[in-house]
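If you want the building blocks of each chain, they are given just below.
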Amino acid sequence: DVTGVQTCALPISNAMAARLAERVGALPGVTITRPVQANAVFARLPRQTITELQQQYDFYIWDEPTDEVRWMCAWDTAEADVDEFADAIERALSAS
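This report concerns the structure included in the present document. (Residues numbered from 1 in each chain as written. Predicted model: local features only at pLDDT ≥ 70, side-chain atom pairs only at ≥ 80, totals over all residues. Heavy atoms only, no water.)

Notes on unusual backbone geometry
- Even without being glycine, Asp67 reaches a positive phi, approximately 60°.
- By the secondary structure assignment, Asp67 is in the loop between β3 (60-63) and β4 (68-72). (Helix = DSSP H or I, 4+ residues; strand = E, 2+ residues; numbered from the N terminus.)

Listed below in structure tokens is the structure:
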């Protein structure tokens, strides 16, 4: 049943969002702007870093004036996906 699959998947996506926030929240240049309550992470980071990351990863700038982005995790997001993205964020920040 699709509803059952979606319900079972929610904890995975939520856990991956929490993992992402934990991995990047302490990086210099990243500010987690809202509590992670579901599968979304809202953060501010330098515009140059956003531009560089968007060349490889799809995500939205949630609030242009403040450079706040929204990163989403899905039912099939794996720990390796989160770690790869967190590493890319760290690399992009250190290159700025």
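That shown, we press on.
Side note on the side chain of Ser13
- Structurally, the position occupied by Ser13 is in helix α1 (residues 2-24).
- Among the residues examined, Ser13 registers a relative accessible area of 3% and is labelled buried.
- Those residues in contact with Ser13 that lie beyond four places of it in its chain are Asn39, Cys73, Ala74 and Trp75. (Buried < 20%, exposed > 50% of the residue type's maximum accessible area, 1.4 Å probe, protein only. Contact = heavy atoms within 4.5 Å.)

What to know about helix α2 (residues 47-54)
- Residues Thr49, Ile50 and Leu53 constitute the buried set of α2. Around the axis of α2, the buried residues are gathered within 100° of arc, so they sit on the same side.
- Looking at the buried side of α2, the elements it contacts are β3, β4 and α3 (79-95). (Arc of directions from axis to C-beta.)

Concerning the pairing of β3
- Sheet topology places β3 next to β4; 3 bridges connect them, and they run antiparallel. For Ile61, the partnering residue across the bridge sits in β4 and is Val69. (Pairing = 2+ DSSP bridges.)

Comments concerning the packing of aromatic side chains
- Within this structure, the stated rule accounts for 5 aromatic pairs.
- A centroid spacing of 6.1 Å and a plane angle of 80° characterise the contact between Phe59 and Trp71, whose relative ring orientation is edge-to-face. Pair noted here: Phe59 is in the loop between α2 and β3 and Trp71 is in strand β4, with a separation of 12 residues, a long-range link.
- Its relative accessible area of 2% is what places Trp71 among the buried residues.
- Through successive ring pairs, a cluster of aromatic residues spans Tyr57, Phe59, Trp71 and Phe85.
- For Arg34, the ring lying beneath its charged end belongs to Phe42, and the centroid distance is 4.5 Å. (Phe/Tyr/Trp six-rings, centres within 6.5 Å; stacked < 30°, edge-to-face > 60°. Lys NZ or Arg CZ within 6 Å of the ring centre and 35° of its normal.)

Describing the nonpolar core
- Ranked by internal contacts, the top residues of the largest apolar core, which has 24 residues, are Leu20, Leu53, Trp71 and Ile89.
- Counting residues per element, the ones that place at least two in this core are α1, β2 (40-44), α2, β4 and α3.
- Looking at this core, the element that brings in the most residues is α3, giving 7 residues.
- Sequence-distant contacts of Trp71, that is, excluding residues within four places in its chain, are made with Leu20, Val24, Asn39, Ala40, Val41, Ala43, Leu45, Phe59, Phe85 and Ile89. (Core = buried A, V, L, I, M, F, W, Y, C linked by side-chain atoms within 4.5 Å.)

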